[in-house]
Amino acid sequence: MEIQGEDDYFVKNTPPKNIEEVEKKTKEFLNFQIEKDRRVVLVTSGGTTVPLENQTVRFVDNFSAGTRGSASVEYFIEQGYAVIFLYRQHSLRPYSRHYSHSKNCFLDMLDIDNDNIIVNNKYNSFMKIILEKYKKAKAENLLLEIDFFTVKDYFFYLNKITKILSTIEEKAMYYLAAAVSDFFIPPERMVEHKIQSRAGGLNLSLDQVPKFLKPLVSEWAPKGLIVSFKLETDPDLLISKARQALDRYGHQIVIGNMLLTRKRVVHFITKDAERKIEMSDEELKNGMEIETKIISELKIKHDNWIEQSKN
Ligand code: PAZ
């Protein structure tokens, strides 16, 4: 297994077609937020795909639905942030996530009254609260959404956006919740056409992706508050792997979570401390989400981060 370096990754791989458009939109969005003197957070969300063919029929994917990322955006906006949301195409998005196809189908909330479509009374207040928040985010230009599909495109966007955002230095936060593939097929080994089944079984050989958190922390966004997530399934590994990531990359916070309990428990790992954040049964029953606690905690950490930078 070969490890492609961080430096040549962006030379050897082809950027997404709309990279210049994304660059332009990000700069415009950021300039607007600078005028308003707002903090800006980049939230990454959802799983990345690893295509097996250039004309892609099949790809390797992961489980993430983008629940953490899309929910977090709403709470960041409530805390006064403007958000750049880098999300996996077709994964959950802020506000509309409340009416996904698998949960709360919006069609069930509507009725027909003569020729008019109306909201069923039962859902009116629920829909109104979300609609108001959504309209406010739109009207005040608080949210820029950029979607990706492959792990390669994700890295190109991440590189571009973090470098642009780094111009506001400590006022930027990077909240890296996407489930990013550790493996990929380098361009020189990618076949053009659909892999045929006549050869029998399929053996895959994937290379390790470069560890982009390293240049992100040291070069792309050295002054921002950087929060990465660590997902594990083995409870014995979670804390040690989270701390290892913190030591290796030298950023500020790793949030550890377990696949099966990620909506109920997270662990904040910082250089000198470790803190568990948990939801009670009562809180979960009342529809409260763990992201509200995560973002409140991060807002305080960001206040301190900005304050420290002044000394
Ligand atoms: O998208 P989701 O809400 O289903 O899952 C969120 C998550 C588990 C992908 C996220 O909290 C996370 O841990 N992201 C980083 C995964 C990793 O690369 O270790």
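Residues numbered from 1 in each chain as written. Predicted model: local features only at pLDDT ≥ 70, side-chain atom pairs only at ≥ 80, totals over all residues. Heavy atoms only, no water.

Engineer: Please provide a residue-by-residue account of the overall build of the protein, values included.
Structural biologist: Looking only at helices and strands, the protein has nine helices and 14 strands in total. Against the globule reference of 19 Å for 311 residues, the protein gives a C-alpha radius of gyration of 21 Å, in line with a compact fold. Across its three principal axes, the protein shows a C-alpha extent of roughly 60 × 60 × 45 Å. Counting only residues that meet the buried cut, the protein has 45% of its 311 residues in that class. Across the protein, every contact between residues at least 6 apart in sequence was considered, and the portion connecting residues at least 24 apart equals 73%. When the 45 positive and 45 negative side-chain charges of the protein are each reduced to one mean point, those points stand 0 Å apart. (Helix = DSSP H or I, 4+ residues; strand = E, 2+ residues; numbered from the N terminus. Rg over C-alpha atoms; globule rule 2.2 N^0.38 Å. Buried < 20%, exposed > 50% of the residue type's maximum accessible area, 1.4 Å probe, protein only. Contact = heavy atoms within 4.5 Å. Lys, Arg positive; Asp, Glu negative; His and termini not counted. Charge placed at Lys NZ, Arg CZ, Asp CG, Glu CD.)

Engineer: Tell me what's going on with the packing of helix H2 (residues 19-35) against helix H5 (residues 151-165), and back it up with residues and numbers.
Structural biologist: Put simply, H2 and H5 touch, their axes get as near as 10 Å, and they point 30° apart. Classified by the angle their axes make, H2 and H5 are roughly parallel. At the point where H2 passes H5, the crossing takes the right-handed sense. Only Phe 156, Tyr 157, Lys 160, Ile 161, Ile 164 and Leu 165 of H5 make contact with H2, whose side of the interface consists of Ile 19, Val 22, Glu 23, Thr 26, Lys 27 and Leu 30. (Axes fitted to C-alpha atoms, helices over the stretch in contact; angles between N-to-C directions. Parallel < 35°, antiparallel > 145°, perpendicular 65-115°, else oblique. Left-handed = near helix turned anticlockwise from the far one by under 90°.)

Engineer: Break down the site of the ligand for me, with residues and values.
Structural biologist: Around the ligand, the surrounding shell holds 14 residues, and the nearest of these are Ser 64, Gly 66, Arg 68, Leu 231 and Asn 257. Within the backbone of Gly 66, a nitrogen or oxygen atom sits 2.9 Å from an oxygen atom of the ligand. A distance of 2.9 Å separates an oxygen atom of the ligand from a polar side-chain atom of Arg 262. Contact with the protein chains removes 90% of the 470 Å² of surface that the ligand exposes when unbound. If you tally residues by element for the shell around the ligand, the top one is strand S11 (residues 225-232), at three residues. In terms of residue class, the shell around the ligand is made up of seven nonpolar, four polar and three charged. (Near = heavy atom within 4 Å. Polar contact = N/O pair within 3.5 Å; in protein donor to acceptor, adjacent residues only side chain to side chain. Areas by Shrake-Rupley, 256 points an atom, 1.4 Å probe, with all protein chains shown as cover. Nonpolar A, V, L, I, M, F, W, Y, C, P; charged D, E, K, R; others polar.)

Engineer: A description of the UniProt feature "domain: DNA/pantothenate metabolism flavoprotein C-terminal" (unreviewed entry) in the protein should follow, citing residues and the corresponding values.
Structural biologist: Under the UniProt annotation, "domain: DNA/pantothenate metabolism flavoprotein C-terminal" (unreviewed entry) lies at residues 163-264. A distance of 33 Å separates the end C-alpha atoms of residues 163-264, which is 25% helix and 23% strand. (UniProt positions renumbered as here; feature names shortened; annotations may be inferred.)

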